[in-house]
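The primary structure of each chain is shown beneath.
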Amino acid sequence: MGTQSKKYIGLLYISPWLIGFIILTLYPFFASLYYSFTDYNMIRPPSFVGFTNYIDIFTNDRDFYKSLWVTFLYVLMAVPAKLAFALLVAIILNRSMKGIGIFRTVYYLPSILGGSIAVSVLWKFLFMREGLVNQLMSYLSIPPIDWLGDPNLALFTITLLPVWEFGSSMVLFLAGLKQVPKELYEAAKVDGASKARTFFSVTLPLLTPIILFNLIMQTIGAFQQFTAAFVITGGGPVKSTYLYGLMLYDNAFHYFKMGYASALSWILFIIIMTFTFILLKTSNRWTHYEDGGDDK
């Protein structure tokens, strides 16, 4: 079989992915860029308005700055907490004991179920004023807390849901822990290093490449969070949980301002790209590898 024939067979095998990528990813990507410069409500044909949508967003839309601030707070709370919890569980599961594979599977399940509408509804019932959390607190003579009705607590409450979905980060951390050479632990033990010193001097530095990857992926996901705010609080109270994704959804499907929503999505895209670029550019200062080389 000739080289040309093999090339066509290869293209045939990947054609389902290529077709899906072009139709479901590439076309919507560029279409949204075009729509962001138009007045489009999905009923009338789009009419070109130039930078009007972007100017309105930055000059006339108070909800834009409010949702952006709420989203930044959400990212700052959710991402570090999720990574810290994932690393803690990975350390606990990095043991040789009977049935450890079952425990690892059980701890991964929340990542499969956590983003679903059903779990978000369950979370709402858990933290409502008469929910299970307050009922358990009442047994300890602790007065009920308005987790979802207090503007100072509502964002923290919905932040707990993605933190619970730590499975994917935990699996990567667990894989990284398996790759740490045992000789380094033995050398640290010979030097009389405590467990805490060994963790911060041996384990953590060698996990920094995985921390970088998890940090980027979880930051991207946190900026795009929608389900928790939509199902649990609806953006309230007083828009204290009005995440950017929820604002984008409202403009697109409640107000039918698809052109405006497309502009919002591109602003979010630029914000995410900026944060990713900053993380990658600064990673050489704190990311270390087993061979002693830093990320360049």
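Right above here is the structure, for reference.
Definitions and cut-offs
- Residues numbered from 1 in each chain as written.
- Predicted model: local features only at pLDDT ≥ 70, side-chain atom pairs only at ≥ 80, totals over all residues.
- Heavy atoms only, no water.
- Core = buried A, V, L, I, M, F, W, Y, C linked by side-chain atoms within 4.5 Å.
- Buried < 20%, exposed > 50% of the residue type's maximum accessible area, 1.4 Å probe, protein only.
- Helix = DSSP H or I, 4+ residues; strand = E, 2+ residues; numbered from the N terminus.
- Contact = heavy atoms within 4.5 Å.
- Phe/Tyr/Trp six-rings, centres within 6.5 Å; stacked < 30°, edge-to-face > 60°.
- Lys NZ or Arg CZ within 6 Å of the ring centre and 35° of its normal.
- Axes fitted to C-alpha atoms, helices over the stretch in contact; angles between N-to-C directions.
- Parallel < 35°, antiparallel > 145°, perpendicular 65-115°, else oblique.
- Left-handed = near helix turned anticlockwise from the far one by under 90°.
- Nonpolar A, V, L, I, M, F, W, Y, C, P; charged D, E, K, R; others polar.

(A) Examining the nonpolar core more closely. Judged by nonpolar contacts, the single largest core of 51 residues is most densely connected at F64 and I158. Considering every element that reaches this core, the biggest residue donor is helix α3 (residues 62-93), with 13 residues. If near-sequence neighbours (up to four positions away) are discounted, F64 is found in contact with I57, F58, Y244, M247, L264 and I267.

(B) Focus on the packing of aromatic side chains. The final tally for this structure, using the stated rule, is 25 aromatic pairs. The aromatic ring of Y242 is capped on one face by K239, whose charged end is 4.9 Å from the ring centroid. Directly above the ring of Y260 sits K257, whose terminal nitrogen or CZ lies 4.2 Å from the centroid.

(C) Looking closely at the packing of helix α2 (residues 52-60) against helix α13 (residues 258-282). The contact between α2 and α13 brings their axes to 9 Å, and the two run at 70 degrees. The angle between α2 and α13 falls in the class roughly perpendicular. α13 is crossed by α2, and the crossing has right-handed handedness. Where α2 approaches α13, its residues N53, Y54, D56, I57 and F58 are matched on the opposing element by G259, Y260, A263, L264, W266 and I267. In terms of residue class, the contact of α2 with α13 is made up of 8 nonpolar, 2 polar and 1 charged.

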